[in-house]
Amino acid sequence: MPEFRRMVGAAPKQYERICRFNSAVAAIRLPNARPLASVAVDHGFADQAHLSREIGHFAQISPSRLHRDGATMANHLEYDKIFKT
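No experiment lies behind these values; they were computed from the predicted model shown.

> Let's hear about the packing of aromatic side chains: which residues, and what values?
Under the counting rule described, the total for this entry stands at 2 aromatic pairs. Their ring planes at 75° and their centres at 5.7 Å tell us that Phe4 and Tyr15 sit as a pair that is edge-to-face. Linking Phe4 in helix H1 (residues 2-8) with Tyr15 in helix H2 (residues 12-28), this pair joins segments that are 11 residues apart in sequence. Take Tyr15: its relative accessible area is 39%, and that puts it in the partly exposed class. The ring of Phe45 carries the charged tip of Arg20 above its face, separated from the ring centre by 4.7 Å.

Cut-offs used in this document
- Residues numbered from 1 in each chain as written.
- Predicted model: local features only at pLDDT ≥ 70, side-chain atom pairs only at ≥ 80, totals over all residues.
- Heavy atoms only, no water.
- Phe/Tyr/Trp six-rings, centres within 6.5 Å; stacked < 30°, edge-to-face > 60°.
- Helix = DSSP H or I, 4+ residues; strand = E, 2+ residues; numbered from the N terminus.
- Buried < 20%, exposed > 50% of the residue type's maximum accessible area, 1.4 Å probe, protein only.
- Lys NZ or Arg CZ within 6 Å of the ring centre and 35° of its normal.

Printed below as a string of structure tokens:
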């Protein structure tokens, strides 16, 4: 494990969480995205609540907001849409 962490920059489990999150985000951002429960199962989450917690952890927004606002943004969310300035 130390070798993996040194080469990748994250522990194996953390790397797996990031990869699973990224694939789910891509599916949620689609204009015709499937229901969250289906996205969760398709991308290896235990259930919709697990998917929602991971999105909240990594993106600090809800899956519905990610679907609504995230489709127009490549790999980021506009700062003003997350934090009131």
